[in-house]
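Summary of structural features
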Amino acid sequence: NAGVTQTPKFRILKIGQSMTLQCTQDMNHNYMYWYRQDPGMGLKLIYYSVGAGITDKGEVPNGYNVSRSTTEDFPLRLELAAPSQTSVYFCASSYDWGSNEQFFGPGTRLTVL
Amino acid sequence: DAKTTQPPSMDCAEGRAANLPCNHSTISGNEYVYWYRQIHSQGPQYIIHGLKNNETNEMASLIITEDRKSSTLILPHATLRDTAVYYCIALVYGGATNKLIFGTGTLLAVQP
């Protein structure tokens, strides 16, 4: 199993541009999550999903959108990039109802200039 | 979810046991203690969790005090690859909206 994969690894955006961060897991997990981590800080939850077609906001959802059309994929969309969205983004998944053992991807490092 | 408090940094000699403390004095009866770690520039990695009994797996041991107000993660023979930030999180097991709240953790530096 590849686990949780994320693309791209790095990206530089200009202010106002849009992009989609991709996340795929091959473990048949129902739960998936998006976090951001600013320099020197802990992770903050952006959005999460409890299954295909079901998503909900986390702590810091403003400026982001998500969709979950399949069990495997959970893309994160930035519509109008702002410098405050410069961060490292991690996708994670977990295998059962409410499990707190989450499996994380390697992250996407995003810079908005 | 209960707040946890950890020292910002610790050192450990390679091959020795690393003991990482965590205080969670307001933990409720149904909250588990979870430990994750994050090696530089990588995604966090689950280590272990427990409720009130001591737990051990292939990575570490978790010792929880009888009053559950604090715990210690033990890496029995630390290696240089164990250098990472370690996060202690108190969380109820189960529930559709469980959210891991990562603080700033403890930076463990394993010295050769």
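Just above sits the structure.
Here goes a summary of the coordinates provided.

**Remarks on the overall build of chain A**
Of the regular secondary structure elements, chain A holds zero helices and 11 strands. Counting helices and strands in the order they occur from the N terminus, chain A gives β-β-β-β-β-β-β-β-β-β-β. At 13 Å, chain A has a C-alpha radius of gyration in line with the 13 Å of a compact globule built from 113 residues. Summarising its shape, the C-alpha atoms of chain A cover approximately 40 × 25 × 25 Å along the three principal directions. Scored against the burial criterion, the 113 residues of chain A give a buried share of 46%. Relative to all contacts within chain A whose residues are 6 or more apart in sequence, the contacts with residues 24 or more apart total 54%.

**Here's the deal with the environment of A:Ile15**
All names here are of chain A. Among the secondary structure elements, Ile-15 is positioned in the loop between β2 (10-13) and β3 (19-25). Linking Ile-15 and Glu-72, residues 57 residues apart in sequence, is a C-alpha distance of 30 Å. Sequence-distant contacts of Ile-15, defined by excluding residues within four places in its chain, comprise Ala-81, Pro-83, Val-112 and Leu-113.

**Topic: the nonpolar core**
Generally speaking, a soluble globular protein has its nonpolar side chains buried in company with each other. Residue and element names in this part refer to chain B. Within the largest apolar cluster, 22 residues are counted, with the highest numbers of intra-cluster contacts made by Trp-35, Leu-73, Tyr-86 and Leu-108. The element contributing the most residues to this core is strand β8 (residues 84-92), with four residues. Setting aside its immediate chain neighbours within four residues, Leu-73 contacts Ala-18, Asn-19, Leu-20, Trp-35, Ile-47, Ile-48, Ala-60, Ser-61 and Tyr-86.

**Looking at the sheet that holds strand β5 (residues 55-56) of chain B**
All names here are of chain B. The sheet built from four strands is open, its strands ordered β2-β7-β6-β5 with antiparallel pairing. Single-partner strands in this sheet number two, and they are β2 (18-23) and β5. Where β2 and strand β7 (residues 70-75) come together, six bridges link them in antiparallel fashion. From the neighbouring strand, Ala-18 faces β7, where its bridge partner is Leu-75.

**Side note on the side chain of B:Gln38**
Among the structural elements, B:Gln38 can be located in strand β3 (residues 31-38). Taking the relative accessible area as the measure of exposure, B:Gln38 reaches 7% and is therefore buried. A distance of 2.9 Å separates a polar side-chain atom of B:Gln38 from the backbone oxygen of B:Gln42. With near-sequence residues (within four places) excluded, B:Gln38 lies in contact with A:Gln37, A:Leu43, A:Phe90, B:Gly43, B:Pro44, B:Ala84, B:Val85 and B:Tyr87.

**Brief notes about the environment of A:Thr86**
Among the secondary structure elements, A:Thr86 is positioned in the loop between β8 (76-78) and β9 (87-94). Ignoring anything within four residues of it in the chain, the contact list for A:Thr86 reads A:Arg36, A:Asp38, A:Leu110, A:Thr111 and A:Val112.

**Here we look at the sheet that holds strand β1 (residues 9-13) of chain B**
All names here are of chain B. Spatial ordering of the open sheet is given by β1-β9-β8-β3-β4, a layout of five strands whose pairing is mixed. Every other strand in the sheet has two partners, leaving β1 and β4 (45-50) as the edge strands with one partner each. Along the sheet, successive strands turn relative to each other by an average axial angle of 25°, direction set aside. By the bridge criterion, five bridges tie β3 to β4 in an arrangement that is antiparallel. When the bridges of β4 are listed, Trp-35 appears paired with Ile-48.

**Structural notes on the interface of chain B and chain A**
The partner chain A presents 24 residues to the 23 residues of chain B that form the contact. Carbon and sulfur atoms supply 54% of the area buried between chain B and chain A, which totals about 1,700 Å² over both sides. Scanning the region where chain B abuts chain A turns up zero salt bridges. Summed over the shared surface of chain B and chain A, the number is three residue pairs in polar contact (both at pLDDT 80 or more). For the side of chain B that touches chain A, the secondary-structure elements that each account for two or more residues are β3 and β8 of chain B. Across the side of chain B that touches chain A, the residue classes tally to 12 nonpolar, 10 polar and one charged.

Rules used throughout
Residues numbered from 1 in each chain as written. Chains lettered and ligands numbered in written order. Predicted model: local features only at pLDDT ≥ 70, side-chain atom pairs only at ≥ 80, totals over all residues. Heavy atoms only, no water. Helix = DSSP H or I, 4+ residues; strand = E, 2+ residues; numbered from the N terminus. Rg over C-alpha atoms; globule rule 2.2 N^0.38 Å. Buried < 20%, exposed > 50% of the residue type's maximum accessible area, 1.4 Å probe, protein only. Contact = heavy atoms within 4.5 Å. Core = buried A, V, L, I, M, F, W, Y, C linked by side-chain atoms within 4.5 Å. Pairing = 2+ DSSP bridges. Polar contact = N/O pair within 3.5 Å; in protein donor to acceptor, adjacent residues only side chain to side chain. Axes fitted to C-alpha atoms, helices over the stretch in contact; angles between N-to-C directions. Buried area = accessible area lost by both parts, 1.4 Å probe. Salt bridge = Lys/Arg side-chain N within 4 Å of Asp/Glu carboxyl O. Nonpolar A, V, L, I, M, F, W, Y, C, P; charged D, E, K, R; others polar.

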